[in-house]
Amino acid sequence: MTSSFSALLPTDSKPREASWLLLPIIQLGVGISRPCWIALPYFIGSCVGLVDWSLNSNCLGLFRWWNKFLPYAVSNIILLYIYQLPVEFPDVFERLAGFIGLYKISSVSDWSEICYGLFLLLFYIMLASIRCDLAEAGSIISSNDSGLTEHLLPSSNFLPIRQSRFGLRYGNLLSTGAVFQTFTINFFTYGFPITLFALAYWSFQFASLFSFGLIVYVGYILSVFPSLFHFHRLNSLLLIFILSWAICTYIFNVYCNKKMEKDREIWETIGLWRYSFPGAYLFAQFCLGVLIAVGNQVNNSVFFFLPDGAEQPLSNDSTVVEGELESKELAVLFH
């Protein structure tokens, strides 16, 4: 899998390769290294990008809103730099700066503050280095609206653009034959049980009303074991649920005050925990969403290779047709 993926990477610039691969991780680091209001858009962008990549098999979904994050990152860097100046700021500005998440860097600065600053700088540098490639790849993918000419990505990009049965053009690294077969078989052998175990463990470790939905999902999958199409729909809903829960946890930790601390048991019963450093918890919750997203990506790759018309919804009494489709799914995996 590594060699196949490396063959898709541009050969003219190693730093640009690293930017393509690491930028989504760096963006997540900006969002969770020091949770605050000014960093919340980065975390929301990571969650929305993961959903986009999972549902649409679009690698560019991981870089969603990049053209908005570029000026936003510049403004964050400028504000953070201005706040370091050795001048006396008005009290109103000091309160506003503390509220949105600005801070002064010193010898006693917390490590989360240092990590946030480093992640922010890396995010801007990497995004600026590939902004032209992102704009070009986005225009190529959106060119399906015209339907006049088939475009090919230039050699500077590594996103394989394919034409699906639905007329949508997308980049999917799993839709190459050997990579698809190896990764899909390995995922259904190891990844699927690990995902169910992670969901079950999370539901018991962080028992709450929200976590109860996870154990209901695991119980339904093990008892019914739905078809691949229904399983795909359930995974999509579960992914949105987990990431929405993560965003609510993020906002709760940023907004939580002394009055809300008194009602901690109520919030924990709902599923919102207060941590002195919530970044680790948010990262673990996001990784839980990544497991679900990878499962959806595998399903999308299977759908891509199914014959036309196989994606049509099934009625409750169409057991024969459903059995034929499941046979086709297995044939796709082991062909």
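I will try to describe carefully the structure that is included in this document. (Residues numbered from 1 in each chain as written. Predicted model: local features only at pLDDT ≥ 70, side-chain atom pairs only at ≥ 80, totals over all residues. Heavy atoms only, no water.)

1. Overview of the overall build of the chain
Okay, so step 1: For the chain, the count of helices and strands is 13 helices and two strands.
Okay, so step 2: Taken over 335 residues, the chain has a buried fraction of 45%.
Okay, so step 3: Total accessible area on the chain is roughly 17,500 Å²; 67% of this is exposed by carbon and sulfur atoms. (Helix = DSSP H or I, 4+ residues; strand = E, 2+ residues; numbered from the N terminus. Buried < 20%, exposed > 50% of the residue type's maximum accessible area, 1.4 Å probe, protein only. Areas by Shrake-Rupley, 256 points an atom, 1.4 Å probe, with all protein chains shown as cover.)

2. Brief notes about the environment of N235
Okay, so step 1: As for its position among the elements, N235 is in helix α9 (residues 228–255).
Okay, so step 2: In sequence terms N235 and G289 are 54 residues apart; their C-alpha atoms lie 9.8 Å from each other.

3. Notes on the pattern of salt bridges
Pairing between side chains becomes possible if they bear opposite charge and their charged atoms approach one another.
Okay, so step 1: Evaluated as defined, the whole model comprises two salt bridges.
Okay, so step 2: Note that E113 and R34 form a salt bridge whose closest N and O atoms lie 3.9 Å from each other. With E113 in helix α6 (residues 111–141) and R34 in the loop between α2 (14–32) and α3 (40–56), the pair connects residues that are 79 residues apart, well separated along the chain.
Okay, so step 3: By relative accessible area, which is 16% here, E113 ends up buried. (Salt bridge = Lys/Arg side-chain N within 4 Å of Asp/Glu carboxyl O.)

4. Quick look at the packing of α3 against α9
Okay, so step 1: At a closest axis distance of 11 Å, the pairing of α3 and α9 adopts a crossing angle of 175°. Looking at the two axes, α3 sits roughly antiparallel to α9. Counted together, L40, F43, I44, C47, L50, V51, S54 and L55 of α3 and S236, L239, I240, L243, A246, I247, Y250 and I251 of α9 form the full contact between these two elements.
Okay, so step 2: When grouped by side-chain class, the residues that make up the contact of α3 with α9 number 14 nonpolar, two polar and no charged. (Axes fitted to C-alpha atoms, helices over the stretch in contact; angles between N-to-C directions. Parallel < 35°, antiparallel > 145°, perpendicular 65-115°, else oblique. Contact = heavy atoms within 4.5 Å. Nonpolar A, V, L, I, M, F, W, Y, C, P; charged D, E, K, R; others polar.)

It is worth stressing that arrangement in space is one thing and function is another; only the former is reported here.
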